[in-house]
Amino acid sequence: ALINLNEKLYESKQNHAKELERLKADMEKEKASSVAAMNKKLIDAEENIKLLRREIQESKAKAVDATKEAAEKAIASTKTDHQNEIDRLKKKHERGGGKG
């Protein structure tokens with residue numbers, strides 16, 4: 001009976017050791033899976049940051065272009081206004097020296 005008990009105890013220890021190894025392996029798999037998922041999230045976040053930076057650069061370039069275009073239009077309009085005023089004054093001068 002004692003030998004039988006020793007055998008059962010040994011078997012139980014073996015089973016517990018196997019179960020412990022299985023649990024350790026499962027934990028390692030979960031940890032690896034979790035690390036892989038976190039790495040993927042990090043890579044995705046870095047990609048999003050790159051895209052946002054590119055969008056910001058494009059927006060800045062568009063804003064600069066729009067400002068430049070608006071300034072060019074304003075300059076052209078002012079030149080036209082000045083030229084019109086010059087022409088008006090010339091005609092007035094030609095007609096009689098500014099007597100209106």
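From a predicted model like this one, the values you see are computed outputs, not experimental measurements.

A.B. asks: Sorry, what's going on with the overall build of the protein here?
C.D. replies: Each helix and strand in the protein was counted, giving one helix and zero strands. Relative to its full complement of 100 residues, the protein shows a buried share of 0%. When the accessible area of the protein is evaluated, it comes to approximately 9600 Å², of which 58% is carbon and sulfur surface. Between the centroid of the 23 positive side chains of the protein and the centroid of its 19 negative side chains there is a distance of 8 Å.

A.B. asks: Whenever I open this one, the pattern of salt bridges confuses me. Can you help?
C.D. replies: Opposite charge on two side chains makes pairing possible when the charged atoms of those side chains draw close. This model, assessed by the stated rule, comprises eight salt bridges. The salt bridge partner of Glu 19 is Arg 22, with a shortest N-O separation of 2.7 Å. With Glu 19 and Arg 22 both in helix α1 (residues 2-96) and three residues apart, this pair spans about one turn of that helix. In this structure Arg 22 comes out as partly exposed when scored by relative accessible area, which is 41%. With a shortest N-O distance of 2.7 Å, Glu 85 and Arg 88 are connected by a salt bridge. Residue Glu 85 and its partner Arg 88 are located together in helix α1, separated by three residues, close to a single helical turn. Judged by its relative accessible area of 37%, Glu 85 falls in the partly exposed class. Overlapping salt bridges bring together Glu 19, Arg 22 and Asp 26 as one network.

Thresholds applied
Residues numbered from 1 in each chain as written. Predicted model: local features only at pLDDT ≥ 70, side-chain atom pairs only at ≥ 80, totals over all residues. Heavy atoms only, no water. Helix = DSSP H or I, 4+ residues; strand = E, 2+ residues; numbered from the N terminus. Buried < 20%, exposed > 50% of the residue type's maximum accessible area, 1.4 Å probe, protein only. Areas by Shrake-Rupley, 256 points an atom, 1.4 Å probe, with all protein chains shown as cover. Lys, Arg positive; Asp, Glu negative; His and termini not counted. Charge placed at Lys NZ, Arg CZ, Asp CG, Glu CD. Salt bridge = Lys/Arg side-chain N within 4 Å of Asp/Glu carboxyl O.

The quantities given are spatial measurements derived from coordinates; they are silent on function.
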